[in-house]
Amino acid sequence: MSKARALIVDDEADIRELLEITLNRMDIETVTAENISNAHAILKKQAFNICLTDMRLPDGDGLDLLSDIQVEFPKLPVIVITAHGSAEAAVKAMKQGAFDFLSKPVDLKVLRQLINNALKTNFSPKQDRRSRDILLGESDLMCQIRAKISKIARSQAPVYIKGESGSGKELVASLIHKHSSRAESPFIAVNCGAIPTELMESEFFGHRKGSFTGANADKQGLFQAAEGGTLFLDEVADLPLLLQVKLLRAIQEKKVRAIGSQQEEAVDVRLLSATHKDLALLVQEGAFRQDLYYRINVIELNVPALRNRAEDIAQLSEYFLSKITRNNQLSSIKFSSEALKALMQYQFPGNVRELENILERAVALHDGELITEQDLDLSTECTERPGSETYNPLMGSLEAYLEEIEKQAISEALEQNKWNRTATAKQLGMTFRSLRYRLKKLGLES
């Protein structure tokens, strides 16, 4: 088809007419259906580039139609129209694979943005979607991550990227952006923990000149800077509660209001967020809003710790060594077999970032053509997997001392909570699973 064609499914004649007029003015052909049955009949006869469907239809739920389209026409983007303020319905639609959602009353500017984004998935030149040369690793875990990235990139759903510090969360976010229809627009990454609390609202939403002392000129916020593209909020758990409220509204309404402005401004931004903290636990403790958690966690993507994909360590090590020598214009350097073995056994609490730092240091300090185990300088850390009882002799006394402190703190917390493990974990700021591991490790299991 040289011209885009849209299927509009809604039982309200005035909504169908509004959508038809708007799309026709965008040079998009439209076909309408009043219910799910008619939509199915039309889909069997004609091909479409996009579908807009109301959530509530006379003969069923718009989500039922969405599910059918997912099976029969998996590449057809579906925009679900929800009632005003129906956040739960919007989240449910996107969890089931909707490209995006549109709230009533329909904002025509937002509608046009959604349509253009959806059509890019069909009409844009095919991008090189290979990510194995960027997100390295051939372990099953990394193959699964790359497959998920490719699928996630086709929608506009907010993604919550979960993983330890240094595991590569920002790299994953960047790949989602690069593989999406937004690839030609900005990718803005921000560390929420690095912004002073008093400046956060201005940084996120911008301000107008004279709106407060020191506001000598209009300032564009992060949402406006990411217009048409992707905004990645790293360490989102560090956002104060007041800003969480405003962020929630920005996600739901697709609009922001700059400080000192009387008008809201429509923004077209896909939101990705990440943290190394247990966000679900923070919700239970009241430190993070539950409604915001559900909005940013429409799709959850877990980035594995490096120690959980040890088979990738050799490939990553060779890659970083080659990169470091090339950047420093050094002659070829290789690992000794003992050095590689030591790296494979190391637990990497700092994950991939720590691996790169270790190799940077090793290259700077090494002599000759081989990186040896001594060059890696792993002697001050445990070289066994988590859970092992084998520690480096130089650290034995310190480890025993720290274990005793940890044992005492956990024992006291258990007694205060009458040995309720769930309450103890919450008090100590750790997950139940983490507490169970420590109890076993420290010999405190009853």
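Look up: the structure comes first, before these words.
Here the residue numbers are simple positions, counted from 1 along each chain's written sequence. Two thresholds apply to this predicted model, a pLDDT of at least 70 for residue-level local features and 80 or more for giving and counting side-chain atom pairs, whereas whole-chain, interface and lining totals are computed over all residues. As a rule here, side-chain values come from all non-hydrogen atoms in the structure, and water together with hydrogens is ignored.

Undergrad: I tried to follow the pattern of salt bridges on my own but got confused; where do I start?
TA: Oppositely charged side chains can pair when the atoms bearing their charge come close. Any Lys or Arg side-chain nitrogen found within 4 Å of a carboxyl oxygen on Asp or Glu counts as a salt bridge. In the structure shown here, the tally under the stated rule is 17 salt bridges. Where Asp54 meets Lys104, a salt bridge forms, and the shortest distance between an N and an O atom there is 3.3 Å. You can see Asp54 sitting in strand S3 (residues 50–54) and its partner Lys104 sitting in the loop between strand S7 (100–103) and helix H5 (108–123), a full 50 residues away along the chain. Buried means the residue's accessible area, taken with a 1.4 Å probe over protein chains only, is under 20% of the maximum for its type, while exposed means over 50%, and partly exposed covers the values in between. Owing to a relative accessible area of 6%, Asp54 belongs among the buried residues under this scheme. Helix and strand labels come from DSSP, where a helix needs a run of H or I of at least four residues and a strand needs a run of E of at least two; each type is numbered from the N terminus.

Undergrad: Whenever I open this one, the nonpolar core confuses me. Can you help?
TA: Nonpolar side chains tend to gather and get buried jointly when the protein is soluble and globular. Ranked by size, the top nonpolar core spans 32 residues in total, and within it Phe204, Phe223, Leu231, Leu233, Leu279 and Phe288 carry the most contacts. Mapped by element, the contributors of at least two residues to this core are strand S9 (187–191), helix H8 (200–205), helix H9 (222–225), strand S10 (230–234), helix H10 (241–253), helix H11 (279–285) and helix H12 (290–296). It is H10 that contributes the most residues to this core, five residues altogether. Within the second largest apolar cluster, 24 residues are counted, among which are Phe320, Leu343, Phe348 and Leu378. Residues belong to one nonpolar core when they are buried, are Ala, Val, Leu, Ile, Met, Phe, Trp, Tyr or Cys, and are joined through side-chain atoms within 4.5 Å.

Undergrad: Mind showing me how you'd approach the sheet that holds strand S2 (residues 29–33) here?
TA: Strands pair in a sheet through their backbones, by hydrogen bonds, and they do so in one of two ways: parallel or antiparallel. At least two DSSP bridges between two strands are needed for those strands to be called paired. If you walk across this open sheet you meet the five strands as S2-S1-S3-S6-S7, and the pairing is parallel. Looking along the sheet, the strands with just one partner apiece sit at the ends: S2 and S7. Taking each pair of neighbouring strands and ignoring which way they run, the sheet shows an average axis angle of 20°. Strand direction decides the pairing type here: strand S6 (residues 78–82) and S7, joined by four bridges, are parallel. By the bridge assignment, Ile79 is partnered in S7 with Asp100. Fitting a line to C-alpha atoms yields each axis, with helices limited to the stretch in contact; the angle taken between N-to-C directions then spans 0 to 180 degrees.

Undergrad: Any chance you could explain the packing of helix H13 (residues 313–327) against helix H15 (residues 351–365) here in plain terms?
TA: A pair of packed helices can be characterised by two numbers: the angle between their axes and the separation between those axes. Running from amino to carboxyl end, H13 crosses H15 at an angle of 45°, the nearest separation of the two axes being 10 Å. Here H13 is positioned oblique relative to H15, judged by the angle of their axes. As H13 packs across H15, the resulting crossing turns out to be right-handed. Together, Ile313, Leu316, Ser317, Phe320, Leu321, Lys323 and Ile324 of H13 and Val352, Leu355, Glu356, Leu359, Glu360 and Val363 of H15 make up the contact between the two elements. Taken together, the residues of the contact of H13 with H15 break down into nine nonpolar, one polar and three charged. Convention used here: angles under 35 degrees read as roughly parallel, angles over 145 as roughly antiparallel, angles from 65 to 115 as roughly perpendicular, and any remaining angle as oblique. Whether a crossing is left-handed or right-handed is set by the direction in which the near helix is turned from the far one by less than a right angle, anticlockwise for left-handed and clockwise for right-handed. We call two residues in contact when some of their heavy atoms are within 4.5 Å. Under this grouping Gly is polar, as are all residues other than the nonpolar Ala, Val, Leu, Ile, Met, Phe, Trp, Tyr, Cys and Pro and the charged Asp, Glu, Lys and Arg.

Undergrad: Please explain the sheet that holds strand S8 (residues 159–162) as it appears in this structure.
TA: Read from one edge of the open sheet, five strands run S9-S10-S13-S8-S14, paired in parallel fashion. Only two strands of the sheet have a single partner each, and these edge strands are S9 and strand S14 (299–302). The sheet shows a mean angle of 20° between the axes of neighbouring strands, direction not considered. Bridging between S8 and strand S13 (residues 270–275) involves four bridges; their strand directions are parallel.

Undergrad: Can you help me understand helix H7 (residues 169–178) in this one?
TA: For H7, the buried fraction is high: seven of the ten residues fall into the buried class. What H7 keeps buried is the set Lys169, Val172, Ala173, Ser174, Leu175, Ile176 and His177.

Undergrad: How should I be thinking about the packing of aromatic side chains in this particular structure?
TA: Aromatic ring pairs are reported here in terms of the distance separating the ring centres and the angle at which the planes meet. Note on ring pairs: Phe, Tyr and Trp rings are taken, using the six-membered ring of Trp, and paired if centres are within 6.5 Å. Classes follow the plane angle, with under 30 degrees stacked, over 60 edge-to-face and the rest tilted. On inspection of all chains with the given rule, the structure shows seven aromatic pairs. Ring plane angle 75° and centroid distance 4.6 Å describe the contact between Tyr346 and Phe348, whose orientation is recorded as edge-to-face. Of the aromatic side chains, those joined through ring pairs into one cluster are Tyr160, Tyr293 and Tyr294. Between the NZ or CZ atom of Lys254 and the centre of the ring of Phe101, over which it lies, the distance is 3.5 Å. In this analysis the charged atom, NZ for Lys or CZ for Arg, is taken to sit over a ring once it is within 6 Å of the ring centre and within 35 degrees of the ring normal.

Undergrad: Can you walk me through the environment of Gln290 in this structure?
TA: With respect to the helices and strands, the residue Gln290 is situated in helix H12. Distance in space between the C-alpha atoms of Gln290 and Asp140 is 32 Å, their sequence separation being 150 residues.

Undergrad: For this particular structure, what's the right way to read the environment of Glu235?
TA: Mapped onto the elements of the fold, Glu235 is located in the loop between S10 and H10. For Glu235, a relative accessible area of 10% puts it in the buried group. In this structure the C-alpha to C-alpha distance between Glu235 and Ile145, which are 90 residues apart in sequence, comes to 20 Å. Setting aside residues up to four positions removed in sequence, Glu235 forms contacts with Asn191, Cys192, Gly193, Ala274, Thr275 and His276. What qualifies as a polar contact is a pair of N or O atoms within 3.5 Å, subject to a donor-acceptor requirement within protein and to the restriction that residues adjacent in sequence count only when both atoms come from side chains. At 3.1 Å, the side chain of Glu235 and the side chain of His276 are in polar contact.

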